[in-house]
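Residue-level structure breakdown
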Amino acid sequence: MQFPRNTPKGPRLSARHLSKAFETGSGQFLALHDISLDIHAGDFLAIVGKSGSGKSTLVNLLTGLDAVSGGDIWSSANGGTVITDLNQESLARWRGLEIGVVFQFFQLLPSLTVLENTMLPMDYCNAFPRGERRERAMAILERLGIAEQAEKLPFDMSGGQQQRAAIARALANEPGIIVADEPTGNLDSSTTHEVMDLFAAQREAGKAVVMVTHERDLSSYFTRTIELTDGAITAELGDVT
Amino acid sequence: MTIPPRWRKLIADFGSIKGRLALVIAAMAIGLLTTIAITNAYAILTREISANYLGTNPASGILDIGEVDQTLVAQVRGMDNVAAAEPLSIVETRVRYPDGRTGRALLFVSPNPLDQSLNTLRIEEQMASPPANAVHLERRALDLAGIGLGERLSIEIPGSGFVPVLVAGTVFDPSLAPAEQEQTIYAYLSQQTFVALGGQSALEWIKVLVAEDPFDQALVDQTLAGIAIALEAAGHNVHLVQAPNAGLHPHEGQMRGILGLFLAFGVLAFLLSAVLVSITVEGLMAQQIRQIAIMKTIGARTAQISTLYITGIAIIAATMLFVALPIGIALGRGLAGIIADLLNFDIVDASTPPALFAAWLVTGLLIPVLFALRPIFRATGTTVVAALSDLGIGRSSGAGGRLNRFVARLFGTSGQTLLALRGAFRRRRRTMMILTLLGLAGAMYMTAGTVSVSYQASVDIAAAERGYDAEFRLTRPLDRNRVAAIAAATPDVIFAAPMMRLEAARMRGDGVALVRTYPDGGHGSMTLYALPGTQELARFQGLEGALPVERLDGQMVVNQGAWALLGRPRIGEQVNLSLDGKRLELPLAAVIRQYMTPASVFAADTDVAAMTGESGINALRVVNAARSPAEVEAVVDRVGQQIEAAGAGISLVVTGNLMDAAVSGHVNILIVLLLALGVLMAAVGFLGLTAAQGISVLERTREFGIIRAIGGQRRQIVTNLLTESLVIASISLPAAILVSIPLSTAINIIVGRMTFGMALPFTPDVCGMGEWAAVSLVGALVAGLPPAFNASRLSVRETLVQQ
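Residues numbered from 1 in each chain as written. Chains lettered and ligands numbered in written order. Predicted model: local features only at pLDDT ≥ 70, side-chain atom pairs only at ≥ 80, totals over all residues. Heavy atoms only, no water.

In this section: the overall build of chain A. Within chain A, the secondary structure is distributed over six helices and ten strands. In terms of principal-axis extent, the alpha carbons of chain A reach across some 50 × 40 × 40 Å. Considering only contacts in chain A between residues 6 or more positions apart, those separated by 24 or more positions represent 68%. Total accessible area on chain A stands at roughly 10300 Å², and carbon and sulfur atoms take up 47% of it. Of the charged side chains in chain A, 21 are positive and 30 negative; the average position of the first set lies 4 Å away from that of the second. (Helix = DSSP H or I, 4+ residues; strand = E, 2+ residues; numbered from the N terminus. Contact = heavy atoms within 4.5 Å. Areas by Shrake-Rupley, 256 points an atom, 1.4 Å probe, with all protein chains shown as cover. Lys, Arg positive; Asp, Glu negative; His and termini not counted. Charge placed at Lys NZ, Arg CZ, Asp CG, Glu CD.)

Have a look at this one:
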C-alpha cells in the first residue's frame, strides 16, 4: 500500500481503498467500498450524504473506533503510523493524542464537571504534567467562552454550552485532527453558527477538521466536501490536494 | 491534592449506586463474617481441644485386669515401650440427689487422684482444708448434683449402700462430656477414701502411656495388646483393653465433622454473596457502557478503564473486610466458647492463627474482585461502536425463547402477570443467581427444621420401641425366678423382663479384646444381653438378615451400633466376642435398628452360660402403671428395695426419663447454627434481590418511560415490580424444598451416625416449610418495595431522555 511521505506539507491522515462490511441477518452488507482520501492540516472537510450512505461508518474507521474490512489508514503521528495495524490499546492512545472527537449528543460524562471532562483525555493519555492539566483545561474553556461553566455538571448547561465543552475536551491534548459527527444536529441555528465558528477557528489555527453533516447551508465553512452514496465517494468538491 | 478526573468519575459512578453498593457490602460482609466466624471457631477449637486433652497427659490405654497391685504396676512400667503406668478403678454406681431422685455416677478411684501423672486433673476450687474421706467432683457435676462445695452427696458404694460423702472440691477433666449432658456425676477419690467409705480395697485397672510415639494408633494398639498377652501369660486375666483414639479428645472427630459442615455452608454463603458483586457490577457496567465508549474515544485504553473499576471493587472489598473482620472474629470466639462449653473444655488462648488472618485478607479481597472481572471485562472489552449504539434496553427482554413461550402458554399473551414473569426472567443468569441464594437459604432453614424434627422422631421411636420404663442393673447376678417374683410382687409393675447384661468387646485374632473406649466407658463400648427368647427384639425393625422366631440359640443378633463396631460382618459370619475376658463365638443372624441405643449384642442366655459360665440375672427391665416422673421414681424405689432385700445391690437404674434427659439437647446447637446460617443466607438473598431489582429498574428506565407514556400508571409499575419479586421468591420455594431433601438427608446421616451409628429417620418439617414460605414472600415484598417505588417516581421526560 502506497502512503504519502511524511513531510510538513503532507497529509495528516490518509485512507486507501477502505471498505467496511457488516454481517446482517440477510447476509453481508457492504457499508463502504474503495474509499481513498487524504486529510491535510488546515482542511475543513465535510462528509455529506443521505442517511445510511456510510458517513458515520467512514468517521468511525478514520478515528479507529471501528475496524476496517479492507484497506489501510495512515497517520503522520510518530513519524508515520499505519493505524490499521495497531492493536486496540495503541489505537486508543493514538486517538487520544492525535484525534479530537466531537459527537452530535455531546457525550460528556454526566458525573464529571466540565473542567474534569476537559482534563480527562490528558489524564488518560498522560499528555501533560499533572500539575499543568487544570490550567491548560481552563485555558481551553476560556478560549471557547465557557470558563464560567467550568465547575458545572453537563446537564446543568444548555445544548450549545455542552457542545462547546465537548469541543474543549476534543482539544484537550491538542490533536492535529478534529473529527465531528453531526456536531450541530442537536443545536438551534444561532448556536450552530457559534459552534461552526469555533471549528473554523481551529482550522485557521492549523488543525484539520472533519465533519459529518446533513446541513447544506454550512458549506461556506468547508474547504472541501465529499459526498457519499451507498458507501462510495460519488462527488468531491473543493481543494483536493 | 487534586484527584485525577478518572478517579473522580469512579467515585461518582459508585456514588450513583451507593444504595445498592451498601446492600452488596452488607450482604458480602454477612457472608464473609460467617466464613470468618466459622473458620476462627474451627481454628480455636481444634487447637484448644487438643491442648486441653493432651495437657492432661492422657493414657494411651487402660487394661481391665480385675486386681492390680503395686508390683503389677511396676511390672507393667518395666515392659517394652511403656513410659508410665498407674492403677485405678472406674466404678459405675448411683447417687441420690437431694430431691430423692437417683442418678448415674462414675467413681474414678486411684491412689492419689489429684497428683497422678496420667490423665491429670486440674483443681478448679476446693475447701480451704479438705477433710479426709471427701471426694472431688468434675466441675460440671456440682450443678447436676444440686449441692454446693462442702456439702454431702449420697453416693452408693458397692456393698455398702448409699453413703453421704463430703464434696471437698471440683476438678476439671477435659476428657469427659459435661455431667448434665450425660446425666452422670463424675467423682474422683483416693483408694484410701474409697475403702474408708466401704468400697473394696483392690484397684482393677492399669493406665498405660506408651513411650514411643503415643499418637501412632497402630503402635499403641500393638503395645497394649503386647502388655495384655504378657500379663495373660503371667497368669493374670486381662478382661479388656481400652485404647481410645490416640491423642484425640473423645469429641474431636464429631466436632471437626460438624464444624467442617458449617464451614462448607459458610464458604457457600460467602461465594453466593460474592455473586452479588458480579450482579451489581454488571448493572453498573450496563449503566456505564456508553460512557466507557466515550472514554475510549478520547484516548482511554481498555486496561486503564478495567483497572479503574477493579480498583474500585477492591476498595469495596476492603471496606467489606473492614466491617466483617472484627465482627466475624468476635462471633467466632463466641461460637468457640459455646462449643467448648458444650464439650467441657476451656479456651485458654482465643487468638487467631496469623495464617488464618492472611487467608481471610486474601479471600476477602480476591473473591469479590474475581467475581467482578467478568462483567468488567465484558463491558470494557465492548467496541466503541457497539457500546455507543447500546440503548440500554435489555436484549433478552423479547418474547422469544422457550421459557417465554411456555410462560405465554401458561398465562396468556397479555396482562401485567405476563409482563412481570417476563421481567423476572429478562436477565436469566442474574435471576438464577438470586434464585440460588434464596433457594439455598430456604433449604438451610428447612434443613434445620427437618434435622430437628427427625432427631425428635428418633427420640420418639426410641421411646416407643424401648418397651420399658426402667432398667435395673444389679451388682451381682440373681436367680431368674427370684427376680421375676420380686417384680410380680411389686405394686404397679405390670411387666418385667429379667436378663443377663455383660460388657462385650470384639476379640482380635490374638485373643485380646481391644475397644476404642475412653475412661468413662463411652464412645465404642458394647453390651451383650443374654435373653431367654426373642420377645425383647420383636418390636425392632430388621436391617439385615432375619430375626430368629422364638429363641436365639446358636445365633447372635446385633443392633446397628454394634454391627459398625464389629466391622459390619456378613450374615452367617462367625463373630468373636470377649465377655469380661471369656470368649463367645456365634454366627450373626440379624441386624436390628435401635434408635438412641448404644451398641448392643443379643444372644441366647443358654449359649452365654455354656460358653462363658455366666448365668443368672443382673438386669431387669420393668414396665409400670405409673406415668408421672415422680410416680415412676416411686415404683423404681420399691423395686430397688426388693432387689436389695434379695441380696443384690443396684449399680444403676436407667429410667426413660433419664435417657430422655440425656439425649435431649444434644443437637440443639446444631439446629441453632443451621437456622442462623439459613437466616444469614436469607439476608444475603433478600439483599441480593433488592440489589438485582434496583439494577433491573435502572436498566429498564426507558421501558418504564414508554409504559408511562402509553398510559401505564405508577401503581401498575409498582405492582409489576413487586410481582416480579414474588415470582422469584415463589419459584425459590420448590427449589428450596428440593435442595433441603438431600441436604437434610446428608445431615441426618452425619448426626445420626455420630450419635448412634445410623441415619436419623427423615421426617420433613412441614411447619418449617410453611414458615419459610411466609418469610420468603414477605421478604420478597420488602425487598421489592424500594426499587418499585424508585421506578414509579421516575418522570416520563426523565426516562425517555436517558441515553
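Time to look at the overall build of chain B. Tallying secondary structure elements over chain B gives 24 helices and 21 strands in all. Oriented by its inertia axes, the alpha-carbon framework of chain B measures out at about 100 × 60 × 50 Å. The proportion of buried residues among the 803 residues of chain B is 55%. Residue pairs at least 24 apart in sequence account for 82% of intrachain contacts in chain B once pairs closer than 6 positions are excluded. Within the structure as shown, chain B displays about 31100 Å² of accessible surface, and the carbon and sulfur contribution to it stands at 60%. For chain B, the centre of its 60 positive side-chain charges and the centre of its 61 negative side-chain charges are spaced 22 Å apart. (Buried < 20%, exposed > 50% of the residue type's maximum accessible area, 1.4 Å probe, protein only.)

Turning our eyes to something else, we now look at the confidence of the model for chain B. Here chain B averages 84 in pLDDT, and 92% of its residues register 70 or above. With pLDDT under 50 throughout, residues 392-400 of chain B is counted as low confidence; its partners more than four residues away or in other chains account for 14 contacts. (pLDDT = per-residue confidence, 0-100.)

Residues and elements named next belong to chain B. For strand E3 (residues 102-110), the buried fraction is high: nine of the nine residues fall into the buried class. Both strand E2 (residues 82-96) and E3 contribute to a ladder of eight bridges, which runs antiparallel. Across the sheet, Thr93 pairs through a bridge with Ala105, a residue of E3. In terms of strand pairing, E3 meets strand E8 (residues 184-190) through seven bridges, oriented parallel. Residue Val109 lies in a different strand from E8, and its bridge partner there is Leu189. (Pairing = 2+ DSSP bridges.)

Here we come to the confidence of the model for chain A. Atom-level detail of predicted coordinates should not be read off regions where pLDDT is low. The predicted model of chain A has a mean per-residue pLDDT of 88, with 95% of residues at 70 or higher. Confidence, read as mean pLDDT per element, is least for strand E10 (residues 232-238) of chain A in chain A (85) and greatest for strand E8 (residues 208-212) of chain A (94).

This part takes up the pattern of salt bridges. For the structure shown, the criterion picks out 35 salt bridges over all chains. Between Glu174 of chain A and Arg136 of chain A there is a salt bridge, and its shortest N-O distance comes to 2.4 Å. Taken together, the residues Glu174 of chain A in the loop between helix H5 (159-171) and strand E7 (177-181) and Arg136 of chain A in helix H4 (residues 130-143) connect sequence positions 38 residues apart. The class of Arg136 of chain A is partly exposed, set by a relative accessible area of 24%. A single network of salt bridges, built from pairs that share partners, joins Glu92, Arg104, Glu471, Arg473, Arg501, Glu503 and Arg621 of chain B. (Salt bridge = Lys/Arg side-chain N within 4 Å of Asp/Glu carboxyl O.)

This next bit is on the sheet that holds strand E5 (residues 81-82) of chain A. Hydrogen bonds between backbone groups are what pair the strands of a sheet, and the pairing can be parallel or antiparallel. Residue and element names in this part refer to chain A. Spatially, the four strands line up as an open sheet ordered E2-E1-E4-E5, and their pairing is antiparallel. Of all the strands in the sheet, just strand E2 (27-39) and E5 have a single pairing partner and so form its edges. Bridge count for strand E1 (residues 13-24) against E2 is nine bridges, and the pairing is antiparallel. Bridging across to E2, Glu23 finds its partner in Gln28.

Assignment of secondary structure puts Val653 of chain B in strand E21 (residues 650-655). Residues Val653 of chain B and Leu474 of chain B lie 179 residues apart in sequence; the distance between their C-alpha atoms is 8.9 Å.

As a further point, take the sheet that holds E7 of chain A. Residue and element names in this part refer to chain A. Strand order in this open sheet of six strands is E6-E7-E8-E3-E9-E10, and the pairing throughout is mixed. The sheet terminates laterally at strand E6 (99-102) and E10, the two strands that pair on one side only. Shown here is a sheet whose adjacent strand axes are inclined to one another by a mean of 15°, direction ignored. Against the sheet, helix H1 (residues 55-62) touches strand E3 (44-49), E7, E8 and strand E9 (224-229), its axis set at about 140° to E3. Its contacts with the sheet put helix H6 (residues 189-204) on E3, E6, E7 and E8, and the angle it makes with E8 is roughly 145°. (Axes fitted to C-alpha atoms, helices over the stretch in contact; angles between N-to-C directions.)

Residue and element names in this part refer to chain B. Together, Phe322, Val323, Ile327 and Leu331 make up an exposed nonpolar region whose accessible area comes to about 390 Å². If you trace the backbone, Leu331 turns up in helix H9 (residues 302-343). With a relative accessible area of 43%, Leu331 lands in the partly exposed category. (Patch = residues over 30% accessible without salt bridge, like charges linked within 9 Å, V, L, I, M, F, W, Y side chains within 5 Å.)

In this section: the interface of chain B and chain A. Contacts between the two partners involve 25 residues from chain B, matched on the other side by 25 residues from chain A. The junction of chain B with chain A conceals about 2400 Å² of combined surface from both sides, 63% of it contributed by carbon and sulfur atoms. It is Pro5, Thr297 and Ile298 of chain B in chain B that bury the most area against chain A; as a group they hold 26% of the surface buried on that side. Put simply, chain B and chain A have two salt bridges between them. The shortest N-O distance in the salt bridge between Arg6 of chain B and Asp123 of chain A comes to 3.2 Å. Inspection of the chain B/chain A interface yields seven residue pairs in polar contact (both at pLDDT 80 or more). Looking at the side of chain B that touches chain A, the elements with two or more residues in it are helix H1 (5-16), helix H8 (252-297), H9 and helix H11 (384-388) of chain B. Of the residues contributing to the side of chain B that touches chain A, the split by class is twelve nonpolar, six polar and seven charged. (Buried area = accessible area lost by both parts, 1.4 Å probe. Polar contact = N/O pair within 3.5 Å; in protein donor to acceptor, adjacent residues only side chain to side chain. Nonpolar A, V, L, I, M, F, W, Y, C, P; charged D, E, K, R; others polar.)

Before going further, it helps to spend a moment on the side chain of Thr527 of chain B. Among the structural elements, Thr527 of chain B can be located in strand E14 (residues 526-531). For Thr527 of chain B, the contacting residues outside a window of four places in its chain are Arg501, Leu502, Glu503, Ala504, Ala599, Ser600 and Val601 of chain B.

UniProt records the feature "domain: ABC3 transporter permease C-terminal" (unreviewed entry) for residues 264-382 and 677-793 of chain B in the present numbering. For the annotated span residues 264-382 of chain B, helix accounts for 87% and strand for 0% of the residues, and the straight-line distance between the end C-alpha atoms is 37 Å. (UniProt positions renumbered as here; feature names shortened; annotations may be inferred.)

Here we take up the pairing of strand E9 (residues 203-210) of chain B. Residues and elements named next belong to chain B. Of all eight residues in E9, seven are buried, a share of seventy percent or more. For strand E1 (residues 61-68) and E9, the ladder comprises five bridges, and the chain directions are antiparallel. Bridge pairing links Gly61 to Val208 in E9. The sheet contact formed by E2 and E9 spans six bridges and is antiparallel. Paired with Ala84 across the bridge in E9 is Leu209.

On to the packing of aromatic side chains, then. Applying the stated criterion across every chain, the model contains eight aromatic pairs over all chains. Measuring from ring centre to ring centre gives 5.4 Å for Phe357 of chain B and Trp360 of chain B, while their planes differ by 75°; the resulting arrangement is edge-to-face. Of the two residues, Phe357 of chain B and Trp360 of chain B both sit in helix H10 (residues 354-380), three residues apart, roughly one turn of that helix. By way of ring pairs, the aromatic residues Phe44, Phe199 and Phe222 of chain A are connected into one cluster. (Phe/Tyr/Trp six-rings, centres within 6.5 Å; stacked < 30°, edge-to-face > 60°.)

All names here are of chain B. Direction vectors running N to C along H8 and H9 enclose 160°, while the axes themselves pass 11 Å from each other. Between H8 and H9, the angle falls in the class roughly antiparallel. Seen along the crossing, H8 lies across H9 with a hand that is right-handed. In contact with Met255, Leu259, Val277, Val281, Leu284, Met285, Gln288, Ile292, Met295 and Lys296 of H8, H9 contributes Thr302, Ile305, Tyr309, Ile313, Ile339 and Leu343. (Parallel < 35°, antiparallel > 145°, perpendicular 65-115°, else oblique. Left-handed = near helix turned anticlockwise from the far one by under 90°.)

Bringing the side chain of Thr184 of chain A into the picture now. Residues and elements named next belong to chain A. By the secondary structure assignment, Thr184 is in the loop between E7 and H6. Among the polar contacts listed, one links the side chain of Thr184 to the side chain of Glu215, at a separation of 2.7 Å. Sequence-distant contacts of Thr184, that is, excluding residues within four places in its chain, are made with Thr192, Val195, Met196, Glu215 and Leu218.

Residue and element names in this part refer to chain B. Put simply, H1 and H9 touch, their axes get as near as 10 Å, and they point 50° apart. On the basis of their axis angle, the class for H1 and H9 is oblique. At the point where H1 passes H9, the crossing takes the right-handed sense. In contact with Arg6, Trp7, Lys9, Leu10, Asp13 and Phe14 of H1, H9 contributes Gln304, Leu308, Tyr309, Thr311, Gly312, Ile313 and Ile316. Grouping the amino acids of the contact of H1 with H9 by side-chain chemistry returns seven nonpolar, three polar and three charged.

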